[in-house]
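If you want the building blocks of each chain, they are given just below.
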Amino acid sequence: MHHHSHFSLPGALALLLWVCLIPTAAHAAQQYCVGNASELTTALTTASVLGQGSEIRIRQGVYPMPNGTGTNPGYYVYGNNLTLSGGWNSDCTARSLDPMTTTIDGQGGSGSFWELHSNASITLQGLRFINNKFILLGDRSDTECTANGQKIIVRRTVIDGSIGPQALWLDSHCHAVRVENNLIVNSTGEGIFLNCGGSMSYQLINNTVRDSSGQGLYASEQFLNECPAGGFGLNRLYNNLIDKVTLDDTQVLAFNNIFDQLTSTGGGGLYSGSSDNLFVNPQLDSDYRPFEPGSPAINSGTDNVQGGLPGTDIEGGPRVVGGIPDRGAFESSVVPPGPFVITVTNGADSGPGTLRDAITQANAGPGLNLIQFDLPGCVYQIQMQSALPDITDDVIINGYSQSGASFNSLDNGNNAVLCIRILPSGDIPWAFHVPPNSSATLK
């Protein structure tokens, strides 16, 4: 669904009088600081007309916008990067990461839809949309769209009570789409609709999508085999809580998600290698947080995420508490129940205090075991002379426990510091191995 909009340049520039412009260096993105619905509409219009990279900062508060983006028919086309973010203070110099501080209220209006198109990158973050029709993010046109590393990023955003066919509609032929730490609930149609074509790919990470009348996630290829399937970093789901999922002619690698039901049509489905997905009740409260401490979403996610696990949850708190991330948008305060802790203090291949000895102890100790590291220096290399023992009991091997190591703290990208390296000597097929007939879990 692509449109073309026309604005007169003088009229749009006149509207700049209502918008606080933050001075920026030459060639940097133009920043807009807005504090009411009229200023927001002006900033969106002006950024579209000027065609330069733009960052629109929205102050904390409630923005009644029954006409959505305020244009007719309600869409914008951008020639460069666009970032739209909420939670800003009065002069837009600092912000809260909690999306509940900035609310866009569509008031159930028939025109309250947000349609933003660019062949460059689009970022939407830290906003709460209630009673809107839909949010559509996509490319500017099929013929202009080329794969140049452009991204669509939706993070730490709440979409509640959408009245249209899709709450979040992602429609592109070229973008790498990353949707992380969002809460999308109570939609009259689909929660997330992915219309995937050309070289577009997508990753959904730690989202909670519940209580939609339609599917929580509907992923579809526009044309047969247009959207890459199962490739490096492409089409992946990590740590999501999505009630109903339909994969129509698109294949997805899925890790550590919780689904209520999964429907595969037209050759779509979970790609080979998907693992640790559950079909259970995630046990959420009325705010869609996991019940503590018993929800299966707690301390059961994976931090092995392509591009890096987000450093925070939807509210801006730490994404990992207790060494293991939760599934879904919210991170609980629950720490895993006291595992048997084994510390690696010897970097040799074998003997007391070595990694080999720690795995042997973990296999012999019933229940969850935690292997941590206290070796000199960062980076420390453990040289394996032979394969380590198979893992036959539940264990967490926490390389971040080594002094100097740290988790990723970025929203986009990965600045994690890894201090433990395990290197083989000769032909060793793997470092850590859970045999096929074992029920053990390795995290």
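Provided above is the structure to which this section pertains.
This is a predicted model, so every value here is computed, not measured.

Chemist: Please explain the overall build of the protein as it appears in this structure.
Modeler: For the protein, the count of helices and strands is three helices and 32 strands. Counting only contacts in the protein whose residues sit at least 6 apart along the sequence, the fraction spanning at least 24 positions is 69%.

Chemist: Help me out: how do you make sense of the sheet that holds strand E31 (residues 395–397) in this one?
Modeler: To summarise the sheet geometry, strands pair through backbone hydrogen bonds and adopt either a parallel or an antiparallel arrangement. Read from one edge of the open sheet, three strands run E28-E29-E31, paired in parallel fashion. Each edge of the sheet is formed by a strand with only one pairing partner; in this case those strands are strand E28 (340–344) and E31. Each strand axis lies, on average, 20 degrees off the axis of its neighbour in the sheet, ignoring direction. Summarising the sheet, strand E29 (residues 369–373) and E31 pair through three bridges and their orientation is parallel. Residue pairing for E31: Ile371 is matched across the bridge by Ile397.

Chemist: Whenever I open this one, the state of the cysteines confuses me. Can you help?
Modeler: Any covalent bond linking the sulfur atoms of two cysteines counts as a disulfide. Overall, the coordinates contain two disulfides when judged by the stated rule. Residue pairing for Cys33: its cysteine sulfur links by disulfide to Cys92, the two sulfurs lying 2.0 Å apart. In this structure, the disulfide formed by Cys33 and Cys92 twists by about 80 degrees around the S-S bond and is classed as right-handed. Separated by 59 residues along the polypeptide, Cys33 in strand E2 (residues 30–34) and Cys92 in the loop between strand E6 (82–88) and strand E7 (102–105) bring together distant segments of the chain. Residue class for Cys33 comes out buried when judged on its relative accessible area of 0%. Cys92 gets classed as buried once you look at its relative accessible area, which sits at 1%. Disulfide partner of Cys378: Cys419, at an S-S distance of 1.9 Å. Given an S-S torsion of about -80 degrees, the disulfide between Cys378 and Cys419 has left-handed geometry. On the criterion of sequence distance, the pair formed by Cys378 in the loop between E29 and strand E30 (380–384) and Cys419 in the loop between E31 and strand E32 (420–424) is long-range, its members being 41 residues apart.

Chemist: Please clarify how helix H2 (residues 37–50) should be interpreted in this entry.
Modeler: An α-helix turns once per 3.6 residues; consequently, residues spaced three or four apart project the same way. An ideal rise of 1.5 Å per residue puts 20 Å on 14 residues; H2 measures up with 20 Å between its terminal C-alpha atoms. The buried fraction of H2 is high, at ten of 14 residues. Along H2, the residues classified as buried are Glu39, Leu40, Thr41, Thr42, Ala43, Leu44, Thr45, Thr46, Ala47 and Ser48. N-capping of H2 is provided by Asn36, with a side-chain oxygen placed 3.1 Å from the backbone N of Ser38. Phi turns positive one or two residues past the end of H2, at Gly51, with a value near 75 degrees.

Chemist: Explain the environment of Asn414 here, please?
Modeler: Structurally, Asn414 is set in the loop between E31 and E32. Separated by 107 residues in sequence, Asn414 and Gly307 place their C-alpha atoms 6.3 Å apart. For Asn414, the residues in contact, after removing those within four places along its chain, are Gly307, Gly308 and Asn408. A polar atom in the side chain of Asn414 sits 3.0 Å from the backbone nitrogen of Ala416.

Chemist: Looking at this structure, I do not really get the nonpolar core. What am I missing?
Modeler: Side chains of nonpolar character tend, in soluble globular proteins, to be buried together. In this structure, Leu40, Ile56, Leu84 and Tyr202 are the most contacted members of the largest nonpolar core, which totals 49 residues. Ranked by residue count, the leading element in this core is H2, at four residues.

Chemist: Explain the pairing of E29 here, please?
Modeler: Put simply, side chains in a regular strand alternate between the two faces of the sheet. Among the five residues that make up E29, four are buried, leaving the element largely enclosed by the rest of the structure. In this sheet, E29 lies alongside E28 in parallel orientation, the contact comprising five bridges. When the bridges of E29 are listed, Val341 appears paired with Leu370.

Chemist: I keep staring at the packing of aromatic side chains and nothing clicks. Help me out?
Modeler: Any pair of aromatic rings gets described here by the distance separating the centres and the angle formed by the planes. Within the structure shown, the criterion is met by eight aromatic pairs. For the ring pair Phe134 and Trp169, a centre distance of 5.7 Å and an interplane angle of 65 degrees mean the geometry is edge-to-face. On the criterion of sequence distance, the pair formed by Phe134 in strand E11 (residues 134–138) and Trp169 in strand E14 (residues 166–172) is long-range, its members being 35 residues apart. Judged by relative accessible area, Trp169 falls into the buried class, the value being 12%. Plain terms: the ring middles of Tyr238 and Phe255 are 5.5 Å apart, the flat faces sit at 20 degrees to each other, and that makes the pair stacked. With Tyr238 in strand E21 (residues 236–238) and Phe255 in strand E23 (residues 251–255), this pair connects stretches of sequence that are 17 residues apart. We note that Tyr238, like Phe255, is buried. Among the aromatic residues, those joined into a ring-pair cluster are Phe113, Phe134, Trp169, Phe193 and Tyr218.

The rules behind the values
- Residues numbered from 1 in each chain as written.
- Predicted model: local features only at pLDDT ≥ 70, side-chain atom pairs only at ≥ 80, totals over all residues.
- Heavy atoms only, no water.
- Helix = DSSP H or I, 4+ residues; strand = E, 2+ residues; numbered from the N terminus.
- Contact = heavy atoms within 4.5 Å.
- Pairing = 2+ DSSP bridges.
- Axes fitted to C-alpha atoms, helices over the stretch in contact; angles between N-to-C directions.
- Disulfide = S-S within 2.5 Å.
- Buried < 20%, exposed > 50% of the residue type's maximum accessible area, 1.4 Å probe, protein only.
- Expected span 1.5 Å × (residues − 1).
- Polar contact = N/O pair within 3.5 Å; in protein donor to acceptor, adjacent residues only side chain to side chain.
- Core = buried A, V, L, I, M, F, W, Y, C linked by side-chain atoms within 4.5 Å.
- Phe/Tyr/Trp six-rings, centres within 6.5 Å; stacked < 30°, edge-to-face > 60°.

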